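Close look at the chain arrangement
Chain by chain, the residues run as shown.
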Protein chains: 6
Amino acid sequence: MRADGREKNQLREVKIETGYVMHPEGSVLITVGNTKVICNASIEDRVPPFLRNSGKGWITAEYSMLPRATESRNIRESSKGKISGRTMEIQRLIGRALRAVVDLDAIGERTIWIDCDVIQADGGTRTASITGAFVAMAIALGKLQDSKKISRFPLKSYLAATSVGIIEEHGSVLDLNYIEDSKALVDMNIIMTGEGEFVELQGTGEEATFTMNQLHEMLELGQEGIQELFEMQKNALGEIAQRIQ
Amino acid sequence: MRADGREKNQLREVKIETGYVMHPEGSVLITVGNTKVICNASIEDRVPPFLRNSGKGWITAEYSMLPRATESRNIRESSKGKISGRTMEIQRLIGRALRAVVDLDAIGERTIWIDCDVIQADGGTRTASITGAFVAMAIALGKLQDSKKISRFPLKSYLAATSVGIIEEHGSVLDLNYIEDSKALVDMNIIMTGEGEFVELQGTGEEATFTMNQLHEMLELGQEGIQELFEMQKNALGEIAQRIQ
Amino acid sequence: MRADGREKNQLREVKIETGYVMHPEGSVLITVGNTKVICNASIEDRVPPFLRNSGKGWITAEYSMLPRATESRNIRESSKGKISGRTMEIQRLIGRALRAVVDLDAIGERTIWIDCDVIQADGGTRTASITGAFVAMAIALGKLQDSKKISRFPLKSYLAATSVGIIEEHGSVLDLNYIEDSKALVDMNIIMTGEGEFVELQGTGEEATFTMNQLHEMLELGQEGIQELFEMQKNALGEIAQRIQ
Amino acid sequence: MRADGREKNQLREVKIETGYVMHPEGSVLITVGNTKVICNASIEDRVPPFLRNSGKGWITAEYSMLPRATESRNIRESSKGKISGRTMEIQRLIGRALRAVVDLDAIGERTIWIDCDVIQADGGTRTASITGAFVAMAIALGKLQDSKKISRFPLKSYLAATSVGIIEEHGSVLDLNYIEDSKALVDMNIIMTGEGEFVELQGTGEEATFTMNQLHEMLELGQEGIQELFEMQKNALGEIAQRIQ
Amino acid sequence: MRADGREKNQLREVKIETGYVMHPEGSVLITVGNTKVICNASIEDRVPPFLRNSGKGWITAEYSMLPRATESRNIRESSKGKISGRTMEIQRLIGRALRAVVDLDAIGERTIWIDCDVIQADGGTRTASITGAFVAMAIALGKLQDSKKISRFPLKSYLAATSVGIIEEHGSVLDLNYIEDSKALVDMNIIMTGEGEFVELQGTGEEATFTMNQLHEMLELGQEGIQELFEMQKNALGEIAQRIQ
Amino acid sequence: MRADGREKNQLREVKIETGYVMHPEGSVLITVGNTKVICNASIEDRVPPFLRNSGKGWITAEYSMLPRATESRNIRESSKGKISGRTMEIQRLIGRALRAVVDLDAIGERTIWIDCDVIQADGGTRTASITGAFVAMAIALGKLQDSKKISRFPLKSYLAATSVGIIEEHGSVLDLNYIEDSKALVDMNIIMTGEGEFVELQGTGEEATFTMNQLHEMLELGQEGIQELFEMQKNALGEIAQRIQ
């Protein structure tokens, strides 16, 4: 049993609250254990220069943490005047993952801006961001379709993410919290579609390396966890869930 | 009667929720109508260079808005790589106001970091920030005293803020929401202590100017409104309220 | 009597020298005691994006100090690569104040750039900047009218500014120099029109707070001082003074 | 057969030239097909603040491309004044990978700076950088040991990297050049140790997703390719190869 | 005869006004025709890191133009957030030139900050800056010696600068104003010591090239002009002039 | 005889290798002793705003050093987020010099981007850059003419550069390496055309000054050295050499 009483293959408690903030087209507060992320989806009727006159849309993500989302206070990136490498990696990852399940032709020349703002952090903020952002985006696209601006619903599949890792005393475990993450030998983020295919796989062993067998163990835990997340997304989406092919 | 049904001298509905985020020493979600601000107070055992070895503490504030706190999405200041003049003005104002009611000798060589993050904006974000930040700071200072790190409670007085303004169809009104604010002829922010003295007064007439009589009308409305805010701060603070001299 | 021999309600010696620099459309050196500011007004035949095709003009101000305008040398903001919060606040204030007395429709799609460069500082640089910038702007607008590019003179009123404050040993005083300013309990900047109405009021008590009575005392001192400044502006403007309605 | 005549499991021609530039402690020009990267290793007798007085060393990497390393000219990141997200991701990856095979205690309080400068790009620049940087670092560490500044050789294992991917007409292929990379459905970077364990695995399907079977095919191709790279590293290292445990 | 009535070998009217601004240790307003530069010298009791504990001093210069020093308004470098290549070149040149005539050992571990702020520009701002800055620096060093902080006067020689150039209709000419400078085929800045030796020579022919004979003609004109500048510096310096060896 | 065995008037060994990198229109590796610079010329079918619709082209240069081109590692300018004054000076010099021998009308509305990247530095990097960049540019222009995009060959003359200086033990010497440069009393860069005229002359005596006689000695050495460089450029250019008028 893990420090917080979970089994190896057990997710933390997950809540997905929709309509959290009033202005965005889609707004979600996702809670995964003590990790809380506001995921807002905004629709802009413009695309970046490389897509102008292509008829295609775009999805881009930004990620940030409140300074005191963590145990000790971090300096704001706006005060530092630049975005850290870690932030850039995460926001590129979120955008790339979401684009994998969207039919960009079907949204027309529009940009979906995804803002993931972590208000409380306890590990797994990037995977919680992806899982929550999918729901916010689906809601925003639902409104777009309701307003007749697009005809076809552009989501090709569900999308969710979780982390797995190897910890000295427990071996492979699912959904690491901050304390587990900081002592993990190997850390892997898995992003999958509702069809059970991989969208992205990022496994890193800074303090250690991992074998093919360990890779399999981790992938299996991840797949199970992601199946549960799909159920929660469906519940949160209500009627819109039925539009996803 | 105003567009949202309020009287000229009526505040919007105010809620002050404490313990909103888990890590900070003091954490508050303040809601003023549709304006929502997370106010976190963090205590750091260091002071800026100009105060080292002075035995005195410092209070400094940062203010930010989530990109989609507003009707249309704003570019993040971290992406722009610099903080706007408006943000700077607001965070300097918040810090200055809070310092006016704190005995900086009594907190020792510590910095209280105040982070005001607007998650939903509908006018009056700077005054809501000050009113909420006071409560977050009081809670953080209460914990500091409970832990015996300081002996004397360092708050000399209550502190709250509101806005008043002049609107063509209604004359002077209290606590402007975004629509009122954007058509106001004159806009004034008032910050007062529990003793009814002014800490800061900022009145601006970009589209218009104002007379001495109008100034008086506005000051009166502001004083009334701030009295009500003190009551809500007291309720939110519970036991700590009694430590304020 | 104050340290420099002045009465409580006495301005420092003020000089407004026009035509100071050759290139700008309006150029003034204003001297207030030992504070000296070059105020240049430049006319550009373009407006910022938000005013294009509106038929309206714009006024924007920039403020800077030479590194050795002060007792000890300051690092240039161009070397630091960013503008301080204080500079931003001041330049926003100057621009806002000037816009209050200009009929922006009457200047057409033009921008008036106001540059206030402090070459010697002894307190009150922002209020001296506003008082001098008004004159530089009036001269520039006079030339614009002389050249038949505009028909109506766009200034609706005079505009001048001064500071007042509360000092322990003297109570309320007018036009604080640097030494008085640095020990003032309360500091207030007052900007008024020729009609005696307020354009902006900024009162701050960092070390102290102030009562309604003290506010009145300060406002009265400020009003008197500003009346004297209007006379000096009129003298400096000569023929152009008659065009102001 | 692929467009350039290679088999699915065939690397491009690889050359590792040591002593390429005279000043660095280790300097390598690695050529993988038309991709050419200068990999320099510099030893500095200091560590970042978080490691001071820890007795441990650090390895950090920087990556850059000459503006005309690519088909069309890119703007320099020094001219833009900031480093792109892609560059940050790559240099974090290189540093993390190298640290996985170095005994940081054995290098003492020193930093190994790895500079990977791409002078000609044709796909696979990040994996070529890692493979070349390993050799440059091994040479630098060899000199450090020869000079008696360290006793134990700090490399725990070999380290090399390659890319694999899925292309519509060929399925899984090894070591993608630029044209293959730009039309790949899935792209995966694999970094392994001489013991055949994974250090990092990054698989991305922006245009497509991938199944467990496809993952296995790609991993197998990658493992084969990396074995060949280890042989070339050994040849390039000469005597130093024997010091690696 | 030139457009402004001067002979080929004639300087514009030069004035050197000392004590222009009150705070700096040395302050000069130099006027060369319509070019006006405030040159301030500030003494700081610190040296840059590379000189600490060397017993030697340093001289560094900064150069800037007011936005409306020129015919059309320039954007401030502080607003752009970076210093242009032209400004960097000029301030490096001023610092280097001044250091050539100062005995850095004799000033002890102090930095002389030279600020050259152009308030009105009509060509030759960099050479006017050097000529004026020399006087400001000499005054500041005179005060330093008067206060007994240094024993020996640290100036080894006079230093002045002027420009020469080749213009189509006049051939070689001395001290180009802005209109001459903008149509010059060749432009050369000459900096010399009181002993008639060169400190710096920068000749550029962007639109044309120049022969050895033309070089000689220009050098002769420059030498003559600089002799006259030395006389004006001597007059401006008064008693301090005698301390220069 | 100098430390490296050269006579006073002897260049270091020079090699000019063309076609060094595959993508640029012109690519050269120039080696001058131990100094090695990659000079790439790229042609872009656009000009900067100030030349649009003028029918004229432009030439602009960028200069950089790999971090470990020098004895000790330098921080990348992209990491610092800004370009140093030294880099700016050098790239402005390279661009200006090349423009002096190009008929900008003959290249049409195109920009020639010159990238000089120093991979190994031992003094004289800016003059080596100019000498090498001339060859890269000539090759790029040759291709442009071969492709019939321009009719006339736009090079009006050869262009090469070298350094001369005064060293205590040897007097005037040609082509200083790093050690000589760092102890030189006077340092001068000379850029000349194939016709023997000066394009730019930059002589600096930071630690010393120089007389007219010394200037002549240095100019003579420089002229001789540059004649030799023209021969090497001709050899490197092959057939294209004949197109230069």
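Residues numbered from 1 in each chain as written. Chains lettered and ligands numbered in written order. Predicted model: local features only at pLDDT ≥ 70, side-chain atom pairs only at ≥ 80, totals over all residues. Heavy atoms only, no water.

Among the seven residues that make up strand β9 (residues 198-204) of chain E, seven are buried, leaving the element largely enclosed by the rest of the structure. Bridging between strand β8 (residues 186-193) of chain E and β9 of chain E involves six bridges; their strand directions are antiparallel. Residue pairing across strands places I191 of chain E opposite E200 of chain E, the latter belonging to β9 of chain E. Counting the residues that bridge the hairpin from β8 of chain E to β9 of chain E gives four residues, and of these G196 of chain E lies at a positive phi of roughly 80°. With five bridges connecting them, β9 of chain E and strand β9 (residues 198-204) of chain F associate as antiparallel partners. Paired with Q202 of chain E across the strands is Q202 of chain F, a residue of β9 of chain F. (Buried < 20%, exposed > 50% of the residue type's maximum accessible area, 1.4 Å probe, protein only. Helix = DSSP H or I, 4+ residues; strand = E, 2+ residues; numbered from the N terminus. Pairing = 2+ DSSP bridges.)

For the rest of this paragraph, the subject is the relation of the copies chain A and chain D. When chain A is fitted to chain D, the residual RMSD is 0.0 Å, and the transformation amounts to a turn of 180° plus an axial shift of 0.0 Å. One copy is carried onto the other by what is essentially a two-fold rotation axis. Taking C-alpha positions as reference, the residue of chain A nearest the rotation axis is Q202 of chain A, located at 2.3 Å. (Least-squares fit on C-alpha atoms with pLDDT ≥ 70 in both.)

This next bit is on the interface of chain A and chain D. Between chain A and chain D, the contact holds 31 residues from the first and 31 residues from the second. For the chain A and chain D pair, buried surface summed over both sides reaches about 2800 Å², with 54% attributable to carbon and sulfur atoms. Here chain A and chain D share two salt bridges between them. Between chain A and chain D we count 13 residue pairs in polar contact (both at pLDDT 80 or more) in total. Elements represented by at least two residues in the side of chain A that touches chain D include exactly α2 (85-99), β8 (186-193), β9 (198-204) and α5 (212-237) of chain A. (Contact = heavy atoms within 4.5 Å. Buried area = accessible area lost by both parts, 1.4 Å probe. Salt bridge = Lys/Arg side-chain N within 4 Å of Asp/Glu carboxyl O. Polar contact = N/O pair within 3.5 Å; in protein donor to acceptor, adjacent residues only side chain to side chain.)

What follows deals with the UniProt feature "domain: Exoribonuclease phosphorolytic" (unreviewed entry) in chain A. On the UniProt side, "domain: Exoribonuclease phosphorolytic" (unreviewed entry) is annotated at positions that read residues 10-140 and 159-225 of chain A here. A helix fraction of 27% and a strand fraction of 31% characterise residues 10-140 of chain A, whose end C-alpha atoms lie 31 Å from each other. (UniProt positions renumbered as here; feature names shortened; annotations may be inferred.)

All names here are of chain A. Feature annotation in UniProt assigns "binding site: phosphate" (unreviewed entry) to the following positions: R86, G124, T125 and R126. Over a stretch of 41 residues, the named residues converge on one spot in the fold, their C-alpha atoms separated by at most 13.5 Å. One can find G124 in the loop between β5 (111-120) and α3 (125-146). Setting aside residues up to four positions removed in sequence, G124 forms contacts with R12, T35 and L176. When near neighbours in sequence (up to four residues on either side) are disregarded, T125 contacts T35, V37, Y63, M65, R86 and V118. Engagement of the side chain of T125 in a polar contact is seen with the side chain of Y63, the distance being 2.6 Å.

Looking now at the sheet that holds strand β3 (residues 35-44) of chain F. Residues and elements named next belong to chain F. Pairing is mixed across the open sheet formed by five strands, whose spatial order is β1-β2-β3-β5-β4. Strands with a single pairing partner mark the edges of an open sheet, and in this sheet they are β1 (14-18) and β4 (58-65). The mean inter-strand angle of the sheet, taken between neighbouring strand axes irrespective of direction, is 15°. When β3 meets strand β5 (residues 111-120), the two strands line up antiparallel, connected through nine bridges. (Axes fitted to C-alpha atoms, helices over the stretch in contact; angles between N-to-C directions.)

Let us look at the sheet that holds strand β3 (residues 35-44) of chain A. Residues and elements named next belong to chain A. Ordered by their spatial adjacency, five strands build an open sheet running β1-β2-β3-β5-β4, and the pairing between neighbours is mixed. One side of each edge strand has no neighbouring strand; the edge strands of this open sheet are β1 (14-18) and β4 (58-65). The mean inter-strand angle of the sheet, taken between neighbouring strand axes irrespective of direction, is 15°. Here β1 runs beside strand β2 (residues 26-32); their pairing, made up of five bridges, is antiparallel.

All right, on to the environment of K36 of chain D then. All names here are of chain D. With respect to the helices, strands and loops of the structure, K36 is situated in strand β3 (residues 35-44). Here the alpha-carbon distance between K36 and I59, two residues 23 residues apart in the chain, equals 22 Å. The residues touching K36, leaving out its near neighbours within four places in the chain, are L29, I30, T31, D117, V118, I119 and Q120.

In this section: unusual backbone geometry. Here the phi dihedral of N53 of chain A falls at roughly 65°; this positive angle occurs in a residue that is not glycine. Of the residues examined, N53 of chain A reaches a relative accessible area of 75% and is grouped as exposed.

Moving on: helix α2 (residues 85-99) of chain B. The α-helix winds at 3.6 residues per turn, so residues separated by three or four positions along the chain end up facing the same way. The terminal C-alpha atoms of α2 of chain B lie 21 Å apart, and with 15 residues this matches the ideal 21 Å at 1.5 Å per residue to within 8%. Where burial is concerned, most of α2 of chain B is hidden: 13 out of the 15 residues are buried. (Expected span 1.5 Å × (residues − 1).)

This part is about the pattern of salt bridges. Tallied over the full model, the rule gives 126 salt bridges over all chains. Between E89 of chain A and R92 of chain D there is a salt bridge, with the nearest N and O atoms lying 2.6 Å from each other. With E89 of chain A in helix α2 and R92 of chain D in helix α2 (residues 85-99), this residue pair bridges two chains. On the basis of relative accessible area, E89 of chain A is assigned to the buried category, the value being 12%. Between R68 of chain E and E25 of chain C there is a salt bridge whose closest N-O contact spans 2.6 Å. Residue R68 of chain E is found in the loop between β4 (58-65) and α1 (77-80), and its partner E25 of chain C is found in the loop between β1 (14-18) and β2 (26-32); the two belong to separate chains. When salt bridges with common partners are traced through the structure, they connect R2, D4, R6, R12, D122, D175 and E180 of chain A into a single cluster.

For the rest of this paragraph, the subject is the packing of α2 of chain A against α3 of chain A. Residues and elements named next belong to chain A. Packing of α2 against α3 leaves a shortest axis separation of 10 Å and a crossing angle of 40°. Our classification of the angle between α2 and α3 gives oblique. For α2 against α3, the interelement crossing comes out right-handed. Where α2 abuts α3, its residues R86, E89, I90, L93, I94, A97 and L98 lie against T125, R126, S129, I130, A133, F134 and M137. Across the contact of α2 with α3, the residue classes break down as nine nonpolar, two polar and three charged. (Parallel < 35°, antiparallel > 145°, perpendicular 65-115°, else oblique. Left-handed = near helix turned anticlockwise from the far one by under 90°. Nonpolar A, V, L, I, M, F, W, Y, C, P; charged D, E, K, R; others polar.)

Residues and elements named next belong to chain E. Counting buried positions along strand β5 (residues 111-120) yields nine of ten residues, so the element is predominantly enclosed. Taken together, the eight bridges between β4 and β5 define a ladder with parallel strand orientation. Along β5, the bridge assignment pairs I59 with I112.

This part takes up the environment of R243 of chain B. All names here are of chain B. The topology assignment puts R243 in the segment after α5 (212-237). For R243, a relative accessible area of 17% corresponds to the buried category. Here the alpha-carbon distance between R243 and A136, two residues 107 residues apart in the chain, equals 15 Å. Every residue in contact with R243, bar those within four places of it in the chain, is listed here: G142, Q145, D146 and F153. Among the polar contacts listed, one links the side chain of R243 to the backbone oxygen of G142, at a separation of 3.3 Å. Within the structure, the side chain of R243 is placed 2.7 Å from the side chain of Q145, a separation counted as a polar contact.

On to the arrangement of the chains. Regarding chain C and chain D, the two do not touch, and the least distance separating their C-alpha atoms is 11 Å. Where chain A comes nearest to chain E, the C-alpha atoms are still 12 Å apart, and the two do not contact one another.

Further remarks concern the environment of D105 of chain A. All names here are of chain A. For D105, the position within the fold is in the loop between α2 and β5. C-alpha of D105 to C-alpha of N213: the two residues are 108 residues apart in sequence and 40 Å apart in space. In this view, D105 contacts G55 and K56; residues no more than four positions away in its chain are not counted.

So, on to the side chain of S42 of chain A. In this structure, S42 of chain A sits in strand β3. Of note is the side chain of S42 of chain A, whose polar atom sits 2.9 Å from the side chain of R68 of chain B. Those residues in contact with S42 of chain A that sit more than four places away from it in its chain are E25, T111, I112 and W113 of chain A together with R68 and R73 of chain B.

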